[in-house]
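Each chain, written out:
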Amino acid sequence: MAIVLEDVTKIYNPGQPNEVHAVKGVSLRIGKNEVVILKGPSGSGKTSLLSIIGCMSRPTSGRVLVNGRDVAKLPERFLTEIRRQRCGFIFQQFNLLRGITVKENIMLPLYPAGVSLGEIKRRTEEVMDLLQISHRANFRVEQLSGGEQQRVAIARALVNDPEIVLADEPTAHLDTHLSEEFLRMISEIKGAGKTVVIATHDPLVYESSLVDRVIHMRDGIILEEGQ
Amino acid sequence: MRRHLFILEFALSGLCRRRYKNLALLVAYSLLIFIISSILFLTHALKREAELLLQSSPEITVQRLMAGRHALVPVDWVDTIVSIPGVIDASPRYWGYYYDPFTGANFTVLGVRSSEFPLKGREDLDPEDCLIGSGVSETGLLRTGDSLVMVDPEGIARPFRVAGVFSTSSSILTNDLVVLKEETIKRFFQIPEGYAVDLVVRVANPSEIDTIAKKIKEKIPSSRPITRTEILRTYESLFDWRSGMVLSMFIGALLAFFIFAWDKATGLSAEERREIGVLKAIGWDSSDIMEMKFWEGLVLSSLAYLTGTITGFVHVFMLGAPLLESALKGWSVLFPSLKLRPVIEVYQLMVLLFLTVVPYMAATIAPSWKAAMTDPEEVIRS
Amino acid sequence: MILHPGIVALLGSSAIVNMMMLYSAFAGLRIIRYWDSKSSSALQLSLERRTYLLSSILSFVLGVNLLGLFLFIYTADDLHTQFVGAMCATGTLNANPIGWWVLGMKLVLFLFSAVWIFLNYLDQRTEDVPFVKKRYALLLVMTPLFVTEALLQLRFFLGLRPNIITSCCGALFSENSGGIASSIAGAPVRPMEYLFFTVVFLYLIVALCFIVFQMDFLKYLLGGLALVFLPVSIASIISFISPYFYELPTHHCPFDLLQGLYGYVGYPLYISLLLGTLFGLFPSLSEFFKGRSELPLRRWQRLWTTAGGISVMVFTAISVYPMLFSSFVLEG
Ligand SMILES: Nc1ncnc2c1ncn2[C@@H]1O[C@H](COP(=O)(O)OP(=O)(O)O)[C@@H](O)[C@H]1O
Ligand SMILES: [Mg+2]
């Protein structure tokens, strides 16, 4: 999937004393099956940009083209629809729902999608096999180790078979071993033909060999792009 | 269609996960429905009892007004009334209230002639015999064969042998009743010869009742004819009014509850906010979240409604509404174990729905919208 | 006024509904003024979010409205014992004739809110929400009606005094007293039957033609027929349908049908009547409001028309059933 951002800005609390220009006129093109890194210090606007790319929030101005169609001004429910079909999110803290099982956590994105229970189960089992957590299917997430939780979080991001996987500081709370493990899984995701966008300032991630492009951000603008 | 079921299922699992928070709400909600359903069921059952009671009562009762109060009726009015076309017959009635100083209860004492004698298997009531209602039997600990002692106007205690007790299942009609022979009651209350407490009139054609009542009033200006439907109407408005009053007294409680519900719905825990944010980030729409919240409310309401109505039913029809006795029945101190006939109509259930579930759902609309508007960006940022 | 639990419930719910409607009208006004689907300003965003709340509120209002319609009839029925001469809901409504207006308003408001919810549903399926402003303009029209209905209802209940002497179905729907109701009941049965069956027949034919040939004018014709179908059917229920259920030529009451004594037949009867009316209206309304949206309207309109046709057939089947299968014959 190709995503094109044209002159995108994001302003929080416009017109108020605490107005923040988080993204300032960013233009960007993300091609199919690319692994793109958004790199930059804290507060540089990575998360804001990532959530615009992932159709989670709308830019204050500018155009966001998903496969050639401008989605920047779509009503929320259509944005949700696109997000539901095309995007998978991996959060900084795994953000799994406590109190329910691994399987249920992974199934959640499919509930409002209108697919049948059989289909939901089939896809859930598929991603659980892929990430080797089937043996934990009926455990509650708080009974799992950090590494396993990470796999569950990735499985949940993949269950709707998205074209693009977005991750915000995925390794911030992981040790080196788990971070490497994470990169290995990202390379598998890339191998499956998906686009990956990662916001991070962890050298281990942006210096990895599977990264196609690194986009360097500061104060809401793109400083430079590198390989 | 499927997605609604999945969202419902997830709403249920959410309720279970937050069971302590929801349990408090459920208990308060059920209690409220319990109270209101008890009021509605009891009123309705009492109205029903009154209706049944009046079915067997005379079409017209004639009283006499003297100085604006009702006084004893001369028995010779009977002849005047019987001469009105359409009247089958008229007969004097002897009855009164008796305050029992021993138990502090009020009895209704009624005189009967042998012809209308209600005891089966026996020809006649002896002058010293009485029949009592189950209420009287219970307060005085009396059984068949014991004696009921009543003090007459001169202060002389007179014993009456209990010849029978009306069964518990019969209604308000017999509960506080003491039946004596007509001559006995006349003597006991010292009713002067030629006078009765009131007259009852039987009418051939029910549609003529009102006309005949008017004619009686014309012929005997000091009389006060009361028709059966008039009494029924008075009873019904009395009950409606009472239950309306009691309901209004509970308005405070109702409001307090809905504010509580509002508060519960608004005060999302940090955990819950995070969950909603996560759900939205992974592809749930705000309307899906609102639907989830709607299901939560509906499930809670249904549970509370079921619990509340069932306990209300048990309270009113099996336990005799001990908690509402004084508030609603109110006309007599004596109401020990009146068993009401279980009658429930769709109407009562619908009124109950409007008084409880409708405001509850209304109170939770805005908070669940607020919750659904949680920004998913917040989640990835934290 | 009579203090009665049903009255407390009705007045309470009407207070809630009116507060919500007033709020919605206020929010609707802002939407009409500031809505700009091309903008992504904070204001537009907050307006869009507000629409979620308003849809929810209106769905709630619709539900309460429908239940309230039946609760009102039930309450009138329960109160009849308080009035001399009243034998059912009709007697209570006659005790203070504003009651008839309240009932009519409740019916109209139900139709309005159903149409609003319907338009909302369509609107949310388009990306440019083409009739959002029209929809909130409609809401602004509805709100005063809601307020009026609430005030009328309040006056109705305040004006009810026990022991009022009133007339009931017997007198009201009897053939020799004045008034619209009695002229409906007294109208010769045969012409009324012809009128009813003609309207039903036309409705079904037009629906069928539309499903097959899809000509545009047919949906407007169908909408018109749906609007005629509702009053004609109500008049027919009073005139000749209900007596068959009661098996009494003089009993014309439209409310007793809702009672258990007659197997609650009134519910399927009235619900199919309302559905038949609404589905008949949807194709033309959606056409009128569609703007430049790219909805698969054609397919949906056929679906609604089919649903409308089925509802009307169900309604007719229920009405005709006792005429065919009971020994009772109503002379015309
Ligand atoms: N909801 C918000 N309201 C106000 N300011 C915000 C909000 N979210 C983010 N910001 C500000 O926007 C800027 C960019 O934040 P962010 O996109 O999270 O950067 P990064 O992910 O690179 O740390 C920061 O200065 C942050 O304080
Ligand atoms: Mg960040």
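The structure we're discussing is the one just above.
What you are looking at is a predicted structure, and each value in this text was computed from that prediction instead of being measured.

Rules of the game
- Residues numbered from 1 in each chain as written.
- Chains lettered and ligands numbered in written order.
- Predicted model: local features only at pLDDT ≥ 70, side-chain atom pairs only at ≥ 80, totals over all residues.
- Heavy atoms only, no water.
- Helix = DSSP H or I, 4+ residues; strand = E, 2+ residues; numbered from the N terminus.
- Buried < 20%, exposed > 50% of the residue type's maximum accessible area, 1.4 Å probe, protein only.
- Contact = heavy atoms within 4.5 Å.
- Areas by Shrake-Rupley, 256 points an atom, 1.4 Å probe, with all protein chains shown as cover.
- Lys, Arg positive; Asp, Glu negative; His and termini not counted.
- Charge placed at Lys NZ, Arg CZ, Asp CG, Glu CD.
- Phe/Tyr/Trp six-rings, centres within 6.5 Å; stacked < 30°, edge-to-face > 60°.
- Buried area = accessible area lost by both parts, 1.4 Å probe.
- Salt bridge = Lys/Arg side-chain N within 4 Å of Asp/Glu carboxyl O.
- Polar contact = N/O pair within 3.5 Å; in protein donor to acceptor, adjacent residues only side chain to side chain.
- Nonpolar A, V, L, I, M, F, W, Y, C, P; charged D, E, K, R; others polar.
- Pairing = 2+ DSSP bridges.
- Axes fitted to C-alpha atoms, helices over the stretch in contact; angles between N-to-C directions.

Q: How would you summarise the overall build of chain A if you had to cite specific residues and measurements?
A: A tally of regular secondary structure across chain A gives seven helices and ten strands. The principal-axis extents of the C-alpha atoms in chain A amount to approximately 50 × 40 × 35 Å. The buried share of chain A, taken over its 227 residues, is 58%. A separation of at least 24 residues holds for 69% of the contacts in chain A among residues at least 6 apart in sequence. Accessible area of chain A: about 9,000 Å², with a carbon and sulfur share of 47%. If the 28 positive side-chain charges of chain A are averaged to one point and the 28 negative ones to another, these points end up 5 Å apart.

Q: I'd like a rundown of the packing of aromatic side chains, residues and numbers included.
A: Scanning the entire structure with this criterion turns up 34 aromatic pairs over all chains. A ring pair is formed by Phe313(B) and Phe317(B), whose centres lie 4.9 Å apart and whose planes are at 55°; its orientation type is tilted. Placement of the pair is Phe313(B) and Phe317(B) together in helix H11 (residues 286-318), with a separation of four residues, close to one helical turn. Given a relative accessible area of 28%, Phe313(B) falls into the partly exposed group. Phe317(B) gets classed as buried once you look at its relative accessible area, which sits at 4%. Seen in terms of ring centroids, Tyr264(C) and Tyr267(C) are 6.2 Å apart; in terms of plane orientation they differ by 45°. Their pairing is tilted. Assessed through its relative accessible area of 38%, Tyr264(C) is described here as partly exposed. Assessed through its relative accessible area of 19%, Tyr267(C) is described here as buried. The rings of Phe196(C), Phe197(C), Tyr203(C), Phe229(C), Phe240(C) and Phe315(C) are connected pair by pair, giving a single aromatic cluster.

Q: Lay out the interface of chain C and chain B in plain terms, naming residues and giving numbers.
A: Listed per partner, the contact involves 30 residues of chain C and 32 residues of chain B. Between chain C and chain B lies a buried interface of about 2,800 Å² when both sides are counted; carbon and sulfur atoms form 73% of it. Counting across the chain C and chain B interface gives zero salt bridges. Linking chain C with chain B are three residue pairs in polar contact (both at pLDDT 80 or more). Those elements that place two or more of their residues in the side of chain C that touches chain B are helix H1 (5-34) and helix H2 (42-79) of chain C. At 15 residues, the largest contribution of residues to the side of chain C that touches chain B is made by H2(C). Residues belonging to the side of chain C that touches chain B are distributed by class as follows: 18 nonpolar, nine polar and three charged.

Q: Kindly report on unusual backbone geometry, identifying the contributing residues and their values.
A: Residues and elements named next belong to chain A. If you check the backbone angles, Asn 13 has positive phi at about 50° while not being a glycine. In this structure, Asn 13 sits in the loop between strand S1 (3-12) and strand S2 (20-30). You can call Asn 13 partly exposed: its relative accessible area is 33%. Backbone geometry places Asn 95, a non-glycine residue, at a positive phi of 55°. With respect to the element layout, Asn 95 can be found in the loop between strand S6 (87-90) and helix H3 (102-107). With a relative accessible area of 7%, Asn 95 lands in the buried category.

Q: Could you give an account of the side chain of Asn18(C), with specific residues and numbers?
A: Residue and element names in this part refer to chain C. Looking at the secondary structure, you find Asn 18 in helix H1. Judged by relative accessible area, Asn 18 falls into the buried class, the value being 9%. Among residues more than four places away in sequence, those in contact with Asn 18 are Phe 146, Val 147 and Ala 150.

Q: Please provide a residue-by-residue account of the sheet that holds strand S4 (residues 61-66) of chain A, values included.
A: Residues and elements named next belong to chain A. Pairing in this open sheet of four strands is antiparallel, and the strands run S2-S1-S4-S5 from one edge to the other. Edge positions in the sheet fall to S2 and strand S5 (69-70), since each of these pairs with one other strand and no more. Summarising the sheet, S1 and S2 pair through seven bridges and their orientation is antiparallel. When the bridges of S2 are listed, Tyr 12 appears paired with Val 20. Packing of helix H1 (residues 46-53) onto the sheet brings it into contact with S1, S2 and S4, and relative to S2 it is tilted by some 50°.

Q: Would you mind going over the interface of chain B and chain A in detail, with residue names and values included?
A: Counting residues at the interface gives 26 residues for chain B, matched by 34 residues for chain A. Interface of chain B and chain A: buried area, both sides summed, is about 2,800 Å²; carbon and sulfur atoms make up 56% of it. Interface area lost by chain B to chain A is led by Phe6(B), Ile282(B) and Ile380(B), which between them contribute 25%. Between chain B and chain A we count three salt bridges in total.

Q: Please provide a residue-by-residue account of the pattern of salt bridges, values included.
A: Inspection of the entire model under this criterion finds 41 salt bridges over all chains. Among the salt bridges present, the one from Arg122(A) reaches Glu126(A), with a minimum N-O distance of 2.8 Å. In this pair, Arg122(A) and Glu126(A) both sit in helix H4 (residues 117-130), four residues apart, roughly one turn of the helix. Residue class for Arg122(A) comes out partly exposed when judged on its relative accessible area of 43%. Look at the salt bridges and you will find they share partners, linking Arg17(B), Arg18(B), Lys21(B), Glu272(B), Glu275(B), Lys293(B) and Glu296(B) into a network.

Q: How would you explain the sheet that holds strand S9 (residues 157-165) of chain B if you had to name every residue and give the values?
A: Residues and elements named next belong to chain B. Pairing is mixed in the open sheet, where six strands are placed in the order S5-S6-S10-S7-S9-S8. The open sheet has two edge strands with one neighbour each: strand S5 (95-100) and strand S8 (147-151). Strand-to-strand, the axes of this sheet are offset by a mean angle of 35°, without reference to chain direction. Note: strand S6 (residues 105-112) against strand S10 (residues 177-181), five bridges, orientation parallel.

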